[in-house]
Amino acid sequence: MRPICSSADYHRTRLVIHELNSRLYLQMKSVKENKLLSLCNNHLPRQMNNNTMPFNEKLVVTIPADLELSDAERSVLGKGLTFVPVDRKINEYRTKADCEKFYRLLRLKAHFHGRGNDDTVVTPDDCFAKFNQKISTWTPPEGKFSAVDHYIDRCRRSVGALNFEARTSYNNLPQVEKEALKNLLKRDDVVIKPADKGGAVVVWSRPLYIQEALRQLSDGRFYERLDRDPLKQYQNKVKAAVDDMISKNELPPLAKNLIVTTPQTSRFYLLPKIHKPDTPGRPIVSACNCPTENIAAFLDEVMSPLVANLSTYVKDTTHALEIVNSFDFNNSNPNQRFLFTMDVKSLYTVIPNDSGLQALAYFLNKRPVLEPPTSTLTRLAELVLTLNAFSFNQQYYRQVGGVAMGSRMGPNYACLFVGYMEERILSTYTGFIPQLYKRYIDDIVGAASCRRDELEGFITHVSTSHPALQFTHTISQTQIPFLDITLSVSGSRISTSVHYKDTDTHNYLHYTSSHPKHCKNGIPYSQFLRLRRLCSEEDDFLQRCQEMSTFFESRGYPSDLLQNARERVSSVTRQEALEKRVRENEGRIPLVLTYHPLTSRVKHILLNNFNILTTDPVTATIFPAPPVVAHRRDLSLRDVLVHTSDRSQTEEPGTFACRHPRCRTCLYTSSNVHVCGPKSATTIREHFTCKSENVVYCISCRRCPQLYIGETGRTLHERFGEHLRSIQKNTGGFPVAEHFNSPGHSLSDIAVR
């Protein structure tokens, strides 16, 4: 063709042929994958329906014990809240949106390549810039890098040519369990929560759940009931305080990012303590988007290095193992070697605000650079501690003391308070002090060579050091648990092994869950490697590995996969397992896709065409290696069944008029809870009025099936009022105004929900 065609026609024809070949290849590959998935699906039911994996009664706990729950409901919950059911169809919109985000990253990397840390890039030292809630959507224009334009164009056309209506034959939930899941979604007589410890799924009778919550909230020592929602009042106080600090140069101008732009009232919920008598609940306050959320996150970063410098600090299990491995009883009397643990009761809620702020100021004054000033930081901390209202069961409360469990600064704040008390105790106490004394938040561990009465005297002194703190303790001459470690006296040293709580269900991710295969295959290896770190004795390690294998087999993991993981870990020494691995940042672009069994087709398109960028002389230095592929999971059982908000039985779901005499939105509200779009439908499950804030709303036409979906951080009546004005003025460029001013339509056709 080259001799008889112009150069442009030749290259155009060549591209068309290449495109047709690419489409044929993808179609044939899709047919092959569907056949493979069908074969896998035909094999899976026989594997799942055998009797080799009996249902573990510990996986699902009901409160009360005789709460009605069908076998199918227990079976689907027994798969664990991390289980992701397979959606038969891939989500076309979400998949293409993931691709567009990837294309934008490519353009940004190419556009800013070689510019270094100029003023267009946020520096890591700027601790306030990260709280900027205005997310940039700017994308560099086309035309600057022809290879990038060509790559994106080809990928868009190839992805667009895929058959998104195809359905996978793979199914990881039997029909009876699908129906059970739908029934659980409809049940309003129960609350589903993960257990506080152990991984069990707890189905709690809603009346008993509310009764337990109200029992705790009625305790005037910790909580106070409010007459109304103080959200706006709190927001004004935060804004005034931050603005004042900026005006006095106590904080930089960027500190305005600490003000949450669309605040919400915190929500209170309980996690059931199934390991305690009468199953009390652990109180948690979900502080997402509350007025002080950003302040708490900022203070948490300030406090982190202060906590790490505490003499008793334990970072995590690996750090605890390093400390224990280096300890020696120093040839003391074998009859005078003790291990002990101490636990602070309800630490977060019992810290007096004045004592906690005093401890915080003490450590803040030890910073090498006192910027921002200590007084400014303690004022910010006081805002977090006092502006802590939350809602439960349509009522409003506030915590009168301590820090809420759920606040970002809570763990570090509690650590500093206890560290402040410990520093004074250990510096002034004249009696015996244990050779080893370490703490992880509220859990203390120690070892001592002494008489028992000397150790008990020390523990008593610590327990009575502050009237607000109450301790429980355990002393042993043999072994004792701490975190997930079992510590044992072994001569003059301390040996370690893994520790499982009595309520531990070993509820690892089920192997049939809709996760990438390499992710599931990596879980056994990581757990065997964890055992290698925890078990100091080889025989104990081998025994625990065998035990761990049975846990994974009960979750559907193949035996050959487990055997291979064990062999890989057996070749790793304990010292190697304890070494910290630092991953180097290769600067590769991340390709993030929401996982689905059919997502691989999209991934292959994006990767197979990447040589366009790596072989082009201009972009080869910008993109020397292909992107790093990562998958986000789809909706899990936890996402659909567990909620921090309490769905009240007294309020009907839907959108209702607020009944205010001057509200114009009331005339157009619709209580219909079913919203049907062109490709999917959703159901409104909560109660809304014209006064509701931070909502996604739908404006529909009563005369035709057209919908408009919008969102606002303001009240619904404020945003909808703007739509009404644009309709009345027939403002051009507004789709809602144009639609309801079109022939045959009027204001009476509007419905909002």
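Now for a look at the structure at hand. In this text the structure is predicted, and so the values were computed from the model without any measurement. Per chain, residue numbering runs from 1 following the sequence as it is written. The predicted origin of the model limits local features to residues at a pLDDT of at least 70 and limits the giving and counting of side-chain atom pairs to 80 or more, whereas totals for whole chains, interfaces and linings rest on all residues. As a rule here, side-chain values come from all non-hydrogen atoms in the structure, and water together with hydrogens is ignored.

Within this analysis, patches are made of residues with over 30% relative accessible area and no salt bridge. Like charges are joined at 9 Å or less; nonpolar side chains (Val, Leu, Ile, Met, Phe, Trp, Tyr) at 5 Å or less. Surface accessibility in these figures is a Shrake-Rupley result with a 1.4 Å probe; residues are shielded only by whichever protein chains are displayed. Salt bridges are counted wherever a side-chain nitrogen of Lys or Arg sits within 4 Å of a carboxyl oxygen of Asp or Glu. Two residue types count as positive, namely Lys and Arg, and two as negative, namely Asp and Glu; His and chain ends fall outside the count. Throughout, a charge is located at the NZ atom of Lys, the CZ atom of Arg, the CG atom of Asp or the CD atom of Glu. A grouping of Lys 197, Lys 276, Lys 345 and Lys 501 is seen on the molecular surface, where their side chains present a positively charged patch. Secondary structure elements follow DSSP: runs of H or I no shorter than four residues count as helices, runs of E no shorter than two count as strands, and numbering proceeds from the N terminus. Of note, Lys 276 is situated in the loop between strand S5 (266-272) and strand S6 (281-286). A relative accessible area of 39% means that Lys 276 is categorised as partly exposed. Burial status follows relative accessibility: with a 1.4 Å probe on protein chains alone, a residue under 20% of its type maximum counts as buried, one over 50% as exposed, and anything between as partly exposed.

Under the definition given, this model contains 35 salt bridges. When the shortest N-O distance is used, the salt bridge between Arg 221 and Asp 219 registers 2.7 Å. Exposure remark for Arg 221: the relative accessible area of 62% places this residue in the exposed category. Several salt bridges converge on common partners, so that one network encompasses Asp 244, Lys 248, Glu 250 and Arg 379.

For the rest of this paragraph, the subject is the packing of helix H11 (residues 353-364) against helix H12 (residues 374-386). Their axes nearest at 10 Å, the elements H11 and H12 cross at an angle of 150°. By the angle class used here, H11 and H12 are roughly antiparallel. The two elements H11 and H12 meet at a crossing, and its hand is right-handed. Contacts between H11 and H12 involve Asn 353, Leu 357, Leu 360, Ala 361 and Leu 364 on the former and, on the latter, Thr 374, Leu 377, Thr 378, Ala 381, Glu 382, Leu 385 and Thr 386. Lines fitted to C-alpha atoms define the axes, with helix axes restricted to the stretch in contact, and inter-axis angles between N-to-C directions lie between 0 and 180 degrees. When describing relative orientation, an angle under 35 degrees is termed roughly parallel and one over 145 degrees roughly antiparallel, while 65 to 115 degrees is termed roughly perpendicular and anything else oblique. For any pair of crossing helices, the crossing counts as left-handed if the nearer helix is rotated counterclockwise from the farther one by less than a right angle, and right-handed if it is rotated clockwise. Contacts were defined at the residue level, with two residues in contact if any of their heavy atoms lie within 4.5 Å.

Here the amide bond leading from Ile 63 into Pro 64 is cis, since omega sits at 0°, within 30 degrees of zero. Examined against the element boundaries, Pro 64 turns out to sit in the loop between strand S1 (60-63) and helix H2 (71-78). Even without a glycine there, the phi angle at Asn 730 is positive, about 50°. In this fold, Asn 730 is placed in the loop between helix H22 (716-728) and helix H23 (735-740).

Two elements, strand S13 (residues 479-482) and strand S14 (residues 485-490), share four bridges in a ladder whose sense is antiparallel. Bridge pairing in S14 places Pro 481 opposite Thr 486. Hairpin connection from S13 to S14: two residues lie between these consecutive antiparallel strands, with Leu 483 at a positive phi of about 55°. Paired strands, in this sense, are two strands between which DSSP finds at least two bridges. In textbook terms, the turn of a hairpin is the stretch between consecutive antiparallel strands, and for S14 and strand S15 (residues 493-498) this stretch comprises two residues, one of which, Gly 491, has a positive phi near 65°.

Residues Val 696, Leu 707 and Ile 709 make up a contiguous nonpolar surface patch of about 270 Å² in total accessible area. Summarising the element assignment, Ile 709 is placed in strand S23 (residues 707-715).

Put simply, two rings from Phe, Tyr or Trp (the six-membered ring, in Trp's case) pair if the centres are within 6.5 Å, and we call them stacked under 30 degrees between planes, edge-to-face over 60, tilted for the rest. Taken as a whole and judged by the stated rule, the model has 24 aromatic pairs. Between the aromatic rings of Phe 327 and Phe 329, the centroid separation amounts to 5.0 Å while the plane-to-plane angle is 85°, which identifies the pairing as edge-to-face. With a relative accessible area of 8%, Phe 327 lands in the buried category. Consider the rings of Tyr 500 and Phe 551, whose centres lie 5.8 Å apart with planes at 85°: the pair is edge-to-face.

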